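Residue-level listing of the chains:
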Amino acid sequence: AQSVTQLGSHVSVSEGALVLLRCNYSSSVPPYLFWYVQYPNQGLQLLLKYTSAATLVKGINGFEAEFKKSETSFHLTKPSAHMSDAAEYFCAVSDLGGTSYGKLTFGQGTILTVHP
Amino acid sequence: EAGVVQSPRYKIIEKKQPVAFWCNPISGHNTLYWYRQNLGQGPELLIRYENEEAVDDSQLPKDRFSAERLKGVDSTLKIQPAELGDSAVYLCASSADINTEAFFGQGTRLTVV
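The paragraphs below set out a description of the structure included in this document. Nothing here was measured: the structure is a model prediction, and the numbers come from that model.

1. Overview of the overall build of chain B
Thought 1: Scanning chain B from N- to C-terminus turns up zero helices and 11 strands.
Thought 2: Ordered by position in the sequence, the α and β elements of chain B form the string β-β-β-β-β-β-β-β-β-β-β.
Thought 3: Taken against the 2.2 N^0.38 rule, which gives 13 Å for 113 residues, the C-alpha radius of gyration of chain B at 13 Å falls within 12% of a compact globule.
Thought 4: Looking at chain B residue by residue over its 113 residues, the buried ones come to 45%.
Thought 5: Expressed as a percentage of contacts within chain B between residues at least 6 apart in sequence, the contacts between residues at least 24 apart total 53%.
Thought 6: Here chain B displays about 5500 Å² of accessible surface, and carbon together with sulfur accounts for 49% of that area.
Thought 7: Charge separation in chain B, taken as the distance between the mean sites of 12 positive and 15 negative side-chain charges, equals 8 Å.

2. Here's the deal with the state of the cysteines
Thought 1: For the structure on display, the rule yields two disulfides over all chains.
Thought 2: Here cysteine 23 of chain A is linked by a disulfide to cysteine 91 of chain A, with a sulfur-sulfur distance of 2.0 Å. Disulfide cysteine 23 of chain A-cysteine 91 of chain A: the torsion about the S-S bond is -65°, which places it as left-handed. A residue pair is termed long-range when its members are at least 10 positions apart, and cysteine 23 of chain A in strand β3 (residues 19-26) and cysteine 91 of chain A in strand β9 (residues 87-94) qualify at 68 residues. Each member of the pair, cysteine 23 of chain A together with cysteine 91 of chain A, is buried.
Thought 3: Across the disulfide from cysteine 23 of chain B sits cysteine 92 of chain B; the S-S distance is 1.9 Å. Torsion about the S-S bond of the cysteine 23 of chain B and cysteine 92 of chain B cystine: about -70°, corresponding to left-handed handedness. With cysteine 23 of chain B in strand β3 (residues 19-24) and cysteine 92 of chain B in strand β9 (residues 88-95), this pair connects stretches of sequence that are 69 residues apart. As far as burial versus exposure is concerned, cysteine 23 of chain B and cysteine 92 of chain B are alike and both buried.

3. Here's the deal with the interface of chain B and chain A
Thought 1: Taken together, the 23 residues of chain B in the interface contact 18 residues of chain A.
Thought 2: Across the chain B/chain A interface, buried area totals approximately 1700 Å², and carbon plus sulfur atoms make up 47% of it.
Thought 3: Summed over the shared surface of chain B and chain A, the result is zero salt bridges.

4. Notes on the sheet that holds strand β6 (residues 56-58) of chain A
All names here are of chain A.
Thought 1: Taken together, the five strands give an open sheet; going across it, the order is β1-β3-β8-β7-β6, and neighbouring strands pair in antiparallel fashion. At either margin of the open sheet sits one strand with a lone partner, and together these are β1 (3-7) and β6. On average, each strand axis in the sheet is tilted by 20° relative to the strand beside it, whichever way the strands run.
Thought 2: Strand direction decides the pairing type here: β6 and strand β7 (residues 64-68), joined by three bridges, are antiparallel. Looking at β7, one finds that leucine 56 is bridged to glutamate 66.

5. Some words on the packing of aromatic side chains
Thought 1: By the definition in use, this model includes 13 aromatic pairs over all chains.
Thought 2: Considering the side-chain rings of tyrosine 25 of chain A and phenylalanine 67 of chain A, the 5.9 Å spacing of their centres and the 25° angle between planes classify their relative orientation as stacked. Of this pair, tyrosine 25 of chain A sits in strand β3 while phenylalanine 67 of chain A is found in strand β7, placing the two residues 42 residues apart along the sequence.
Thought 3: We classify tyrosine 25 of chain A as buried; its relative accessible area is 8%.
Thought 4: For the pair phenylalanine 90 of chain A and phenylalanine 106 of chain A, a centre-to-centre distance of 6.3 Å together with 90° between the ring planes defines the contact as edge-to-face. Linking phenylalanine 90 of chain A in strand β9 with phenylalanine 106 of chain A in strand β10 (residues 104-106), this pair joins segments that are 16 residues apart in sequence.
Thought 5: In this structure phenylalanine 90 of chain A comes out as buried when scored by relative accessible area, which is 0%.
Thought 6: Phenylalanine 106 of chain A gets classed as buried once you look at its relative accessible area, which sits at 9%.
Thought 7: Linked through ring pairs, Phe34, Tyr36, Phe90 and Phe106 of chain A together with Tyr33, Tyr35 and Phe104 of chain B together constitute an aromatic cluster.

What counts, and at which threshold
- Residues numbered from 1 in each chain as written.
- Chains lettered and ligands numbered in written order.
- Predicted model: local features only at pLDDT ≥ 70, side-chain atom pairs only at ≥ 80, totals over all residues.
- Heavy atoms only, no water.
- Helix = DSSP H or I, 4+ residues; strand = E, 2+ residues; numbered from the N terminus.
- Rg over C-alpha atoms; globule rule 2.2 N^0.38 Å.
- Buried < 20%, exposed > 50% of the residue type's maximum accessible area, 1.4 Å probe, protein only.
- Contact = heavy atoms within 4.5 Å.
- Areas by Shrake-Rupley, 256 points an atom, 1.4 Å probe, with all protein chains shown as cover.
- Lys, Arg positive; Asp, Glu negative; His and termini not counted.
- Charge placed at Lys NZ, Arg CZ, Asp CG, Glu CD.
- Disulfide = S-S within 2.5 Å.
- Buried area = accessible area lost by both parts, 1.4 Å probe.
- Salt bridge = Lys/Arg side-chain N within 4 Å of Asp/Glu carboxyl O.
- Pairing = 2+ DSSP bridges.
- Axes fitted to C-alpha atoms, helices over the stretch in contact; angles between N-to-C directions.
- Phe/Tyr/Trp six-rings, centres within 6.5 Å; stacked < 30°, edge-to-face > 60°.

Set out below in structure tokens:
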């Protein structure tokens, strides 16, 4: 079964600082991996996805993530944080087999706080 | 283009009462998902539809939860009777097919008192 671990339930950065949100996954087959953002009282919005093409994936709002198979990691980064980046971020892995094909398994989320 | 529309946005009910949630997916999307998001956690899949067929309902508590997707478009999720532990946000998502990106609605926040 797939699983996702997000290291750190809360991350706090200053505006303009580097954002690093950590995600490790467990999968028996090469996975599809995703990062979603959720603003308060909103649904989830896709930031970026890895589907076995380039290992460095660029997404919306200046975010990017790098797939590292040897480390089973898919960490999300942004060079310079903006106040508008404050939200909750979820890493997810997609099941690619059986009746659960396409099912997203989410991590527990990381709340990003950006200080002025 | 309209996104995934869910209603109601908020619902407060007493335990043992029934409740229903409605989802209108993006036009043309064949795959529809219902997820439940407990406070402080990531969403968990309840059921997935391909058109009108439920192809993965292994996580749906069938003693009290039911879902339907008539004509392969709109879907409803029902809980009867509701329990205190059902308090959560219920998210609907849709995708063109199983291999493409899922778009999420804003969710229905259920509070059972």
